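Descriptive analysis of the structure
Next come the chains, spelled out residue by residue.
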Amino acid sequence: MSGLLNSIAAATAQGLLWAVMALGLYITYRLLSFSDLTVDGSFATGGAITAVVITSGGSPLLAMGLASIGGILAGFVTGFLNTRMRIPALLSSILTQIALYTINLRIMGKPNIPLLNQRTLFSILQDLGLGRVGTGLVNGLVAATLVVVAMYWFFGSEIGAAIRATGNNPAMVRELGANTQTTTLIGLMLANGLVALSGSLVSQQQGFADVGMGLGAIVIGLASIIIGEVLLPSTTFWMRLVGVAAGSVIYRIVITLVLEIPGIKSYDLRLFTAIIVALALWLPQVSATWRQRRARKGQDNA
Amino acid sequence: MLKLIGVRKTFEIGTLDQTHVLCGIDLTIEAGDFVSVIGGNGAGKSTLLNVISGVFEPDAGQILLGDLDITRMPEYKRAAFFGRVFQDPAQGTAADMEISENLAMASMRGKRRGLRQNLKKSQYPMFRERLAMLDLGLEDRLHQRVRHLSGGQRQALTLLMATLVEPQVLLLDEHTAALDPKTAVKVMEVTERLVSTLKLTTLMITHNMQQAIRYGNRLVMLNAGEIILDVRDEEKASLTVEDLLRQFSRAAGDEGVSDRLVLG
């Protein structure tokens, strides 16, 4: 039993570290209504930059800063393709994602860099006597909390409000005199900055960076957002951000429990996640049809 | 104050679908004018408004606002001069944001947006006062999301947002056409109240002749991308729906004649 508890605690820590990525995705997917697949690439970019900086003796904080900048640049490229070159959102982000695969390999020089016995944000806390899981929990909680607070503040600002409104109603935003190309660009840059920061944290926690580590990140992020919205259908912006972070944690716990089922292999998880997300995206349609049917029945009876 | 000189706009130039929507519009709107623009479907009414507000660039001609040539200025930069209300009530507001947040964004019209908080408590009394002008009870619902408002309420809110920072010209694009008749009347009342209280220069597009006759001090009729009638003050005040219909059929009749001529 303590083994299971331990793995749930570990899952919580992982969920909090990945929550930073899900919160970044929330900016594009929900606030901007921009389907941004850059994420799969920029997550690995965060890990790649972190691994190179740390193995060349840079501090973990420097690594995280540079990783975020890498992500911000990736977001800029997608935004440039979309707003300046007028390539549709989905396609712009796929192009960046593919390009990043090469760039990430170029950054690392090889597909995988181990970070064992290196000074990372995690090894520092572990040296202070916190266990592996405890370290993950502390780092994850601090990171997710800081990001939620920063996002709450930023999206309440004049620029932030214009970005949120861009996803809602771009015509209105232009009508009020804000450049929607700029708001889209800023949103994409911030989002991918957070995604890369998450990639940096995850690579430090797992002890290596891998060129494939971002594969499927978008789907994991979507799952987190949707789980959060189903469990915390809240109207305030605070609670929606907290919901995304909570969704990421719950996703990891569910995955951990699923892996306990005999016969389930870890490579089954992507299929499992895809099915969960597909069902969750379907859910609003089903409930709408249901409500309509019930309303019609009510009328017939009256 | 707002001057259009020989403005032309053609869509799908060089293709089989080429359509001339504005064929050389000359129009000068004086400060304080309330101009109703009327015309049938495809007369070019909406295109006229879109060319003024910068959604489309004209192919030829000039648009002057005072001494400023705004012909090629991008839409978001012109927002500082114009307040706009669209036909679709959903188009003027951000549905997932609160009434207060929408108004706060509107209070930044045409200004540089920074990292200050969008919602400023000091603005709340002003928001409440303006909302009270609508007479819809919205002043007590500052923190409600716009999604929960009716079409008429949203349109009234959009009007408020379009005039919160006083625009040089208020542009109304058939802003009551999508509303039920009762709500349309109510929104028109609000419009008139705002325009007269704030003494706004206004350009209102409508396909409702009654509305065009009743509101404003000037009436412009468009047909096939040309101005075929432009009357103001007393002359406008004495117009009847029959007069307008006669003008319409005369214009359409001319077209009929020219069509027959072309067909030989």
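Residues numbered from 1 in each chain as written. Chains lettered and ligands numbered in written order. Predicted model: local features only at pLDDT ≥ 70, side-chain atom pairs only at ≥ 80, totals over all residues.

**Examining the sheet that holds strand 2 (residues 19-29) of chain B**
Through backbone hydrogen bonds, the strands of a sheet pair up, either in parallel or in antiparallel fashion. Residue and element names in this part refer to chain B. In spatial order, the strands read 2-1-4-5; together these four strands make up an open sheet with antiparallel pairing. Among the strands making up the open sheet, the edge pair consists of strand 2 and strand 5 (68-69). Of the pairings in the sheet, the one linking strand 1 (residues 2-11) to strand 2 comprises eight bridges and is antiparallel in character. Among the inter-strand pairings, Thr-10 is bridged to a residue of strand 2, identified as His-20. Contacts from helix 1 (residues 45-53) reach strand 1, strand 2 and strand 4 (60-65) within the one sheet, and its direction differs from that of strand 2 by about 65°. (Pairing = 2+ DSSP bridges. Helix = DSSP H or I, 4+ residues; strand = E, 2+ residues; numbered from the N terminus. Contact = placed C-beta atoms within 7 Å. Axes fitted to C-alpha atoms, helices over the stretch in contact; angles between N-to-C directions.)

**Concerning the sheet that holds strand 7 (residues 169-173) of chain B**
Residues and elements named next belong to chain B. Spatially, six strands are ordered 6-7-8-3-9-10 in an open sheet, and the strand pairing comes out mixed. On the outer flanks of this sheet lie strand 6 (82-85) and strand 10 (226-232), each paired with one strand and no other. When strand polarity is set aside, the average angle formed by the axes of neighbouring strands in this sheet is 15°. Relative to strand 8 (residues 202-206), strand 3 (residues 34-39) runs parallel, the two being bridged by five bridges. Looking across to strand 8, one finds that Ser-36 is bridged to Met-204. Those strands touched by helix 1 are strand 3, strand 6, strand 7, strand 8 and strand 9 (218-223), and its axis lies near 145° from that of strand 7. Together, strand 6 and strand 7 form the strand contacts of helix 5 (residues 151-164), whose direction differs from that of strand 6 by roughly 175°.

**What about unusual backbone geometry?**
Phi angles above zero are rare outside glycine, and Asn117(A) is one such case at about 60°. Of note, Asp135(B) is a non-glycine position whose phi angle comes to about 65°, a positive value. If you trace the backbone, Asp135(B) turns up in the loop between helix 4 (124-134) and helix 5.

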